[in-house]
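Next come the chains, spelled out residue by residue.
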Amino acid sequence: MTNTEKNICSIIIGEEIKYENNSSEVDIDFKIQNDHIFGKIDILKSSKKFLINLSNVKDKKFNLELEISLNENSFLELRDESDYEHGSDINIRSTMNKNSIFEFFRLNKFKDSTKNTFNHNIELALNCEFRDFNFSNGSNEMDNKTTVLLNEENASYIGSGVMISNSTNSNNDLSIKHLSKSAKSDCSFKTVSRGNSNIKFSGKVFVDHDCSKTISNQISKGLIMDEFAKISLIPKLEINNDDVVCAHGAASGKPDESVIFYLKSRGIPQNEAEKIYVEGFLGEFLDKIPNAEMQEKAMKYISANC
Amino acid sequence: MLDIKNLNVSVEDKQILRDLSLKVGSGEVHAIMGPNGSGKSTIAHTLAGNPNYEIISGDVNFNEKDLLEMDPSERSLSGLFLAFQYPIELPGVTNASYLKQIVNVHRKHRGENPIEAGDFLKLLKEKSSILNIPMDMHSRFVNAGFSGGEKKKNEVLQLDLLNPNLVIMDETDSGLDVDALKSTSEAVNQLRSSNRSFIIITHYLRLLEYIEPDFVHVFQDGSIVESGDKSLANRIDKEGYA
Ligand SMILES: Nc1ncnc2c1ncn2[C@@H]1O[C@H](COP(=O)(O)OP(=O)(O)OP(=O)(O)O)[C@@H](O)[C@H]1O
Ligand SMILES: [Mg+2]
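A quick note: this is a predicted structure, and the numbers were derived from the prediction, not measured.

Rules and cut-offs
- Residues numbered from 1 in each chain as written.
- Chains lettered and ligands numbered in written order.
- Predicted model: local features only at pLDDT ≥ 70, side-chain atom pairs only at ≥ 80, totals over all residues.
- Heavy atoms only, no water.
- Helix = DSSP H or I, 4+ residues; strand = E, 2+ residues; numbered from the N terminus.
- Buried < 20%, exposed > 50% of the residue type's maximum accessible area, 1.4 Å probe, protein only.
- Contact = heavy atoms within 4.5 Å.
- Areas by Shrake-Rupley, 256 points an atom, 1.4 Å probe, with all protein chains shown as cover.
- Lys, Arg positive; Asp, Glu negative; His and termini not counted.
- Charge placed at Lys NZ, Arg CZ, Asp CG, Glu CD.
- Axes fitted to C-alpha atoms, helices over the stretch in contact; angles between N-to-C directions.
- Parallel < 35°, antiparallel > 145°, perpendicular 65-115°, else oblique.
- Nonpolar A, V, L, I, M, F, W, Y, C, P; charged D, E, K, R; others polar.
- Pairing = 2+ DSSP bridges.
- Core = buried A, V, L, I, M, F, W, Y, C linked by side-chain atoms within 4.5 Å.
- Donors = N, O, S within 2.8 Å, 3.2 Å for Na, K, Ca; no water.
- Phe/Tyr/Trp six-rings, centres within 6.5 Å; stacked < 30°, edge-to-face > 60°.
- Lys NZ or Arg CZ within 6 Å of the ring centre and 35° of its normal.
- Expected span 1.5 Å × (residues − 1).

Colleague: Before we go on, may I ask you to explain the overall build of chain B in this structure?
Modeller: The number of helices and strands found in chain B is eight helices and 12 strands. The principal-axis extents of the C-alpha atoms in chain B amount to approximately 50 × 40 × 35 Å. Each of the 242 residues in chain B was classed as buried or not, and the buried ones make up 52%. Within chain B, contacts between residues separated by at least 24 positions form 68% of all contacts whose residues are at least 6 apart in sequence. In the structure as shown, chain B presents an accessible area of about 10,900 Å², 45% of it carried by carbon and sulfur atoms. Averaging the coordinates of the 25 positive side-chain charges in chain B and doing the same for the 35 negative ones gives two points 4 Å apart.

Rendered as structure tokens:
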């Protein structure tokens, strides 16, 4: 889909909030109260895909409460490519009505010394698809939590998270609840821990009793680059139905020295060899990103941050 | 070109190379044959600078430089190339982007600008066709899922792209089919010149029938036990090492 086939809208949040909405198919409403931003995005219907760029230009901590709803058959692509220099506290509740698609891209840079929390709670109805891609460099204190409720048949979640960090202490929680049959979830988390970073990922998958024909994949992989860097990857599965196809894996470790040596034996110096290795490690799942423009941006993000 | 003197090397505290000495002059082709586990790959990796191989004692002089003092990447930039017996997989990086990066790091070392995308594609097409490598192999991740023979061809392709002056080929022939062995040997023969030397590690006479060696060495228990010309390879092929 090219940009001319999209309805494009930007929401810029600073001391005041600027947005322009010339489509009757969406209802956007943002206001500020006591330094907190309350926002609402309702996709009423979409004859074309909606692309909404959300950006933060505040020079203070960013606090946002956001409600998103997608009506039947609508398609929203939401992007946030902001830098969060002063910390953030973001809470999002999303509701997807049947046959809707929601693509959510977050490619953010955070400042080490700040505290950042992110909470997203999303409910999916019949045949809905939620595609969630998140790229982050972590910060000293960081909590990310996404809860996906696959409420109705054929609801599907595909998600990919990448975190590259030098000095973060971060908890990343993903909880996927299969609450109806024939729902799918596919999640990958990749992280590179440097310096004294401590990165945790917990991936919970719950499959309810009557959820036959469930498909659920989860993979998490971590690279530990320095002596004091830590990673813990914790998959938690609770599966209450036998008719389920599940594949889950978690692995973390140091870079493979034989690969680094191979690259060096071709003339590539140590630091560049490590960079190529790390980029390859993080780039492995980029083909899951459904659009070429965002794939390219993700690749650039990885290259600039590792 | 290369002068190895009384080299002793251990791996995981186990001594493998014992008092190895070998001189390779400019333009010469040396073949090394020897039983499994005798230490042939150990020489190859030691020369390339693999940090798992510990030098106990000895000297290696490469083009008037102390090779053992050099970082593996410096060795490559100074013209040494090892075609691995077991090429390494690099997931997430396409072969094309990898090959371009190794070409560019050598160009940078020579003070040249990075190669233009179009020129690189042309070069890659030309070199790949000599080795019968299909272009779609380059959009796959480096060596990941390549067949044994494809991995070996990819090693020869890298050799051909980097123009080294000392080439060590560690059982490059193992795993190649008859046609590939022929095209690979032809590519190597094209590269033979008065300022490029080869050390060819192999178990088979067949390769040495395509690439005529100037010297053949028999390797056993970590050092050279016999040296001769090509007729030595003929004898080993008939009689074995016993
Ligand atoms: N990492 C290691 N740890 C322990 N022993 C090792 C290690 N690497 C090599 N060796 C041992 O060193 C010896 C020499 O190995 P090398 O690979 O040099 O043999 P080779 O002559 O190349 O054999 P082949 O013809 O089978 O390729 C072998 O006994 C091998 O088991
Ligand atoms: Mg060997």
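More follows now that the structure is in view.
Colleague: Got a minute to help me understand the packing of helix 3 (residues 95-109) of chain B against helix 4 (residues 117-130) of chain B in this structure?
Modeller: A pair of packed helices is captured by two measures, namely the crossing angle of their axes and the spacing between those axes. All names here are of chain B. With their axes 11 Å apart at the nearest point, helix 3 and helix 4 run at an angle of 105 degrees to one another. For the element pair helix 3 / helix 4, the angle class is roughly perpendicular. Where helix 3 abuts helix 4, its residues A96, L99, K100 and V103 lie against A117, F120 and L124. Split by residue class, the contact of helix 3 with helix 4 holds six nonpolar, no polar and one charged.

Colleague: I'm lost on the pairing of strand 14 (residues 156-165) of chain A in this one. Help?
Modeller: If a strand is regular, its side chains alternate between the two faces of the sheet. All names here are of chain A. The buried fraction of strand 14 amounts to 10 of the 10 residues, a majority that puts the element mostly inside the structure. Burial along strand 14 is two-sided: S156, I158, S160, V162 and I164 and Y157, G159, G161, M163 and S165, pointing in opposite directions, are all buried. Across eight bridges, strand 12 (residues 129-136) lies against strand 14 in parallel orientation. Residue D132 lies in a different strand from strand 14, and its bridge partner there is G159.

Colleague: Help me understand the nonpolar core, please; the structure alone is not making it clear to me.
Modeller: Within soluble globular proteins, side chains that are nonpolar tend to cluster in buried spots. Within the largest apolar cluster, 91 residues are counted, with the highest numbers of intra-cluster contacts made by F135 of chain A together with L2, I4, L47, L90 and Y98 of chain B. Of all the elements, helix 2 (residues 270-283) of chain A adds the most residues to this core, at six residues. The contact partners of F135 of chain A, leaving out residues within four places of it in the chain, are R106, L107, N108, V162, L286, I289, A298, Y301 and I302 of chain A.

Colleague: Just to check I follow, could you spell out the coordination of the magnesium ion (ligand 2) for this structure?
Modeller: In an ideal tetrahedron of four donors about a metal, each angle is 109.5 degrees. In an ideal octahedron of six donors, the angles are 90 or 180 degrees. Bound to the magnesium ion (ligand 2) on the protein side are S41 of chain B (OG) and Q85 of chain B (OE1), at distances that span 2.0 to 2.2 Å. Here S41 of chain B, found in helix 1 (residues 40-48), pairs with Q85 of chain B, found in the loop between strand 6 (80-83) and strand 7 (90-94); they are 44 residues apart in sequence, far enough to count as distant.

Colleague: For this particular structure, what's the right way to read the packing of aromatic side chains?
Modeller: Geometrically, a pair of aromatic rings is defined through the distance of the ring centres and the angle of the planes. Per the counting criterion, the structure on display carries 13 aromatic pairs over all chains. Measuring from centroid to centroid gives 6.2 Å for Y262 of chain A and Y98 of chain B, while their planes differ by 10 degrees, and the two rings are stacked. In this pair, Y262 of chain A sits in helix 1 (residues 257-264) while Y98 of chain B sits in helix 3, so the two residues belong to two different chains. Of the residues examined, Y262 of chain A reaches a relative accessible area of 1% and is grouped as buried. Every member of this aromatic cluster is reached through a ring pair, and the members are F102, F104, F118, F130 and Y157 of chain A. Its guanidinium or amino end placed over the ring of F281 of chain A, K190 of chain A lies 4.1 Å from that ring's centre, counting from NZ or CZ.

Colleague: Can you help me understand helix 5 (residues 148-162) of chain B in this one?
Modeller: Residue and element names in this part refer to chain B. Taking 1.5 Å as the rise per residue, helix 5 with 15 residues should run 21 Å; its terminal C-alpha atoms sit 22 Å apart, in good agreement. With respect to burial, helix 5 is a largely interior element, 13 of its 15 residues being buried. Within two residues after helix 5, N163 carries a phi angle of roughly 50 degrees, on the positive side.

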